[in-house]
Amino acid sequence: MDQSSKSALFEVYLRLRPGGPTNNSSFSLTAPDRFLTVEEPPTEDAPPTHITLNPPNDNRRRAVEKFAFTKVFEEEASQLDLFGGTGVLPLVEGVLGPQGGDGRDGLLATLGVTGSGKTHTIMGSKSQRGLTQLALDVLYRSISNNILDPNTTTSLHATIAASDPSEAQVMSAQMFLDTMFSDPAAPSRASSRAPTPMVLAGTLPIAQCKSPPSTCNVEDGVLGTAALPTVSRSPFSNIPSYMQSTFAQARKYVFTKSPLKGESYPPPTPRRHLLQRPSVLPQLPNISNVTVNADQHAEYAILISMYEVYNDRIFDLLTPALPGKSTKEFRRRPLLFKPTEQSPDRKVVAGLRKIICGTMREALMVLEAGLHERRVAGTGSNSVSSRSHGFFCVEVKKRRRSRAPGAWGGSALTIVDLAGSERARDAKTQGATLQEAGKINESLMYLGQCLQMQSDIGSSTKPNLVPFRQCKLTELLFSNSFPSTSTPSHHHSSHNRNPQKAIMIVTADPLGDFNATSQILRYSALAREITVPRIPSVTSTILAQSTASHYFAPRTGRASPTETERETMEIAALEIARLSEEIDGLRDALRDEQDRRVESDAHLESMTDRIMEVEMTVREEVFAEMEAKMQEEMRRWKVNLAAESDRNDEHLDRKLEILTKTMDLGADEEDKENANSGPGEDLELENDQLRREVAQLRRELGSRSPSKSQRMPLRESRSNRTLNDIGRSMENLRISNAPTPQQDKARGGVSGSGSPLKKVRKFTGKKWDMGAGDEGDML
Ligand SMILES: Nc1ncnc2c1ncn2[C@@H]1O[C@H](COP(=O)(O)OP(=O)(O)OP(=O)(O)O)[C@@H](O)[C@H]1O
């Protein structure tokens, strides 16, 4: 395997994590198989550079892969071995620019599966310092004679703030630390979500809170959110002498939280919980004898800034979250990576808070404060897992040492603790953390693409070929990788910037997740070789596919025909491995999907049954209610009908009674008249006519009111009798036609002087009318 094609933009080292119980390994009675072996170096003196990945013995046809790195650090390698053997020292020296000029930007990053030891390597542990602390140590010691003391150099703050191209809030370390940390004599319970190795003393409960009562929040049992330390001394007690003149303004900042117009000094942001000042810092490994060259003709100042890339957005880690206006929720404002007025040709993270640190201790304290802010959430894979990509920037400001010092220039050392890649399935995460895992994996995939591409082109002069603008992470990591011309507006001159020197330390757990580790190594290794165990018959088909070369482009330059064949076979084998893995994944997904389908079908069925049951019940209830209402209505209607019918009968009876009485009266009158006058033929005729009318009337009554037919006999007998009486009366009428005045009087209500016959007719007509009207009412 040719390793000459080593990465042009990154040196890539591999560090293996020592075995032992890990958070990410699920409980198992059998020890996990080691899938990674380190190849023997060709000579005894040479460090190992190659490793082999042996896939686990399962059904999948996976190739044995061999990877090459700049150097491989095995499990027993110490932090000091890493520090001395990974090129961190040249990186620091490059930033200091011992030969004059601005120096060269340096980037140190760790990449690996979650839990593989990235944070341990870069930030250290409780007893061992990481590469960050060691780099700071050697940096500060190397410029100890040239570094400016911010407490005594009056113009330092102002000149640095003026020269900063990134619209930063430049602040002295003392001011910043006073707003972040409580007095050592007043320990708080503030706890870091990302416990860092530097804080040896634990956090204290409220019972141990020795600060004045005003700073203790009784409700939640932690130090109050009233930000400024109302502890034993004023937050301004440490204001350096040169700033005493602006003390009043600074005080105003603190209490109004808004900077004065035109003022460059930023207000310290109030904190919710003050952190405890670390009392003891780890000292090991000891590198007190190690220094690098610095520019002896220059004076230096160090600015520390920290930010994280979380869900593809940049957040300042040194500006604590502030409560929102509408909601009381603490929110952080995302920052932009953009060109600024003073840096038109080069993107910078704009608006960061930058802290001038005169000593290493101050720098470490700022680091501790930043780590506290870093978003860390426990996941199934690693109980203290970094859920963001953390950036720690050490800007080394440099200017020519003279009575009239020139403008500040310099370079930066950026140390990146990348979030661990993980399988969402393994992480057992939910909701927001699942989204985090997706974003992390996506950004790492883009990083892998950039690493592969930059290896393939083998040149650092073609930025367009490295697709680093796909996400914030790769933009931040690679934008300084190419030579650029910087034109600071206030200089009115342009100067060439050197491309950054970058080191990537890949961490791997040989007993961890094979697939995830293999993927990371494929992305990051400088070269690889594949031993094909068995080429399936589909290989030829796959070989024909040009897409394969898109995914796994050859890493070496031009190849001979046999090499080409071999590479093609490797590509095919890798493609087969990838496809079979994908198929397995899809099969799992399909099985899950089928289970879910069966579940939802059963649910649907039971829901349908339930709906039908409910519908039946409702129908029955409605029907019963309707039935009851109908019965009630029917009963009411019958009662009304009977009452109405009785009323009609009564009415009819009364009418007939009146008619009978009237006819009786008429007959009496007639008798009297007959007594006075002789019989006449006209009266006889009229009598017949009346009989017919009465008969007709009776028929009408009978046909109009069938319900009364049963009563008819009674009425008929009465009517017969009445008719006989009428007949008799008519006979009498023949005798006397005219009533006497006395008879008129005796008749009472019946007035008028017409003949009785006319009256009978009148009643008959009236009765007819009424009968018809009554029937109409009844209907
Ligand atoms: N070289 C090592 N020596 C001893 N312990 C180690 C080493 N590497 C890792 N560990 C331990 O393994 C655990 C996980 O390591 P660490 O937190 O550094 O992983 P990580 O890759 O940073 O994980 P994440 O990406 O989730 O943050 C820690 O307890 C750490 O102390």
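All values derive from a computational prediction rather than experimental measurement.

Moving on to the overall build of the chain. Within the chain, the regular secondary structure consists of 19 helices and 23 strands. Buried positions account for 46% of the 779 residues belonging to the chain. Contacts spanning at least 24 positions in sequence make up 75% of the contacts within the chain whose residues lie at least 6 apart. For the chain, the accessible area works out to roughly 40000 Å², and carbon and sulfur atoms hold 53% of it.

The next point concerns the nonpolar core. L108, L139, F176, I302 and I304 are the most contacted members of the largest nonpolar core, which totals 56 residues. Filtering out sequence-adjacent residues up to four positions away, L139 remains in contact with V92, L96, I302, V394 and V396. Listed in part, the 52 residues of the second largest apolar core include L53, L447, F468 and F478.

To describe a pair of aromatic rings, you give the distance between the ring centres and the angle between the ring planes. For the coordinates displayed, the defined rule picks out four aromatic pairs. Here the aromatic rings of F35 and F514 are separated by 5.4 Å at their centres, their planes lie at 90 degrees, and the arrangement is edge-to-face. You can see F35 sitting in the loop between β1 (10–16) and β2 (36–38) and its partner F514 sitting in helix α12 (residues 514–524), a full 479 residues away along the chain. For F35, a relative accessible area of 5% gives the class buried. Overall, F514 belongs to the buried group, its relative accessible area being 8%.

Burial along strand β17 (residues 353–356) is two-sided: R353 and I355 facing one way and K354 and I356 facing the other are all buried. One ladder, built from two bridges, connects strand β10 (residues 298–310) with β17; its direction is antiparallel. In the strand pairing of β17, I304 is matched with I355.

Across three bridges, strand β15 (residues 337–340) lies against strand β16 (residues 343–349) in antiparallel orientation. For K338, the partnering residue across the bridge sits in β16 and is V348. The antiparallel pairing of β15 with β16 creates a hairpin that spans two residues between the two strands.

Attention now moves to the packing of helix α4 (residues 131–142) against helix α8 (residues 360–373). Two elements in contact, α4 and α8, have axes whose closest approach is 10 Å; the angle formed by their N-to-C orientations is 155 degrees. By the angle between their directions, the pair α4 and α8 is classed as roughly antiparallel. Of the two elements, α4 crosses α8, and the hand of that crossing is right-handed. Contacts between α4 and α8 involve T132, Q133, L136, D137 and Y140 from the first element and M360, A363, L364 and L367 from the second. The class makeup of the residues in the contact of α4 with α8 is six nonpolar, two polar and one charged.

Moving on: the pattern of salt bridges. Within the structure shown, the criterion is met by 22 salt bridges. Residue R591 pairs with D588 through a salt bridge whose shortest N-O separation is 3.4 Å. Here the residue R591 and the residue D588 both occupy positions in helix α15 (residues 561–676), the gap between them amounting to three residues, near one helical turn. Here D588 falls in the partly exposed class, since its relative accessible area comes to 27%. Its salt-bridge partner being R597, residue D601 comes within 3.9 Å of it at the nearest N-O pair. Taken together, the positions of D601 and R597, both in helix α15 and four residues apart, correspond to about one turn of that helix. Judged by its relative accessible area of 37%, D601 falls in the partly exposed class. Take R597: its relative accessible area is 57%, and that puts it in the exposed class.

It is worth spelling out α12 at this point. Counted residue by residue, α12 has ten buried out of eleven residues, so it is predominantly covered. Taken together, the buried positions of α12 are occupied by F514, N515, A516, T517, S518, I520, L521, R522, Y523 and S524. The opening residue of α12, the one whose side-chain oxygen lies 3.0 Å from the backbone nitrogen of N515, is D513.

What follows deals with helix α5 (residues 156–163). When we look at burial in α5, the residues that qualify are L156, H157, I160, A161 and S163. Those residues of α5 that are buried are in contact with β7 (169–172), β10, β17 and β18 (389–400).

Our next topic: unusual backbone geometry. Positive phi values are uncommon outside glycine, yet E167 reaches one of about 55 degrees. For E167, the position within the fold is in the loop between α5 and β7. By relative accessible area, which is 47% here, E167 ends up partly exposed. The backbone of N311 sits at a positive phi, close to 50 degrees, despite the residue not being glycine.

For the rest of this paragraph, the subject is a nonpolar patch on the surface. Taken together, the side chains of V614, V618, V622 and M626 present a nonpolar region at the surface, about 330 Å² in accessible area. By secondary structure assignment, the location of M626 is in helix α15.

Packing of helix α2 (residues 88–96) against α4 brings their axes to within 10 Å, and their N-to-C directions diverge by 45 degrees. With respect to α4, the axis of α2 lies oblique. The handedness of the crossing between α2 and α4 comes out as right-handed. Across from V88, L89, V92 and L96 in α2, the residues of α4 making contact are L131, A135, V138, L139 and S142. The class makeup of the residues in the contact of α2 with α4 is eight nonpolar, one polar and no charged.

Parameters and conventions
- Residues numbered from 1 in each chain as written.
- Predicted model: local features only at pLDDT ≥ 70, side-chain atom pairs only at ≥ 80, totals over all residues.
- Heavy atoms only, no water.
- Helix = DSSP H or I, 4+ residues; strand = E, 2+ residues; numbered from the N terminus.
- Buried < 20%, exposed > 50% of the residue type's maximum accessible area, 1.4 Å probe, protein only.
- Contact = heavy atoms within 4.5 Å.
- Areas by Shrake-Rupley, 256 points an atom, 1.4 Å probe, with all protein chains shown as cover.
- Core = buried A, V, L, I, M, F, W, Y, C linked by side-chain atoms within 4.5 Å.
- Phe/Tyr/Trp six-rings, centres within 6.5 Å; stacked < 30°, edge-to-face > 60°.
- Pairing = 2+ DSSP bridges.
- Axes fitted to C-alpha atoms, helices over the stretch in contact; angles between N-to-C directions.
- Parallel < 35°, antiparallel > 145°, perpendicular 65-115°, else oblique.
- Left-handed = near helix turned anticlockwise from the far one by under 90°.
- Nonpolar A, V, L, I, M, F, W, Y, C, P; charged D, E, K, R; others polar.
- Salt bridge = Lys/Arg side-chain N within 4 Å of Asp/Glu carboxyl O.
- Polar contact = N/O pair within 3.5 Å; in protein donor to acceptor, adjacent residues only side chain to side chain.
- Patch = residues over 30% accessible without salt bridge, like charges linked within 9 Å, V, L, I, M, F, W, Y side chains within 5 Å.

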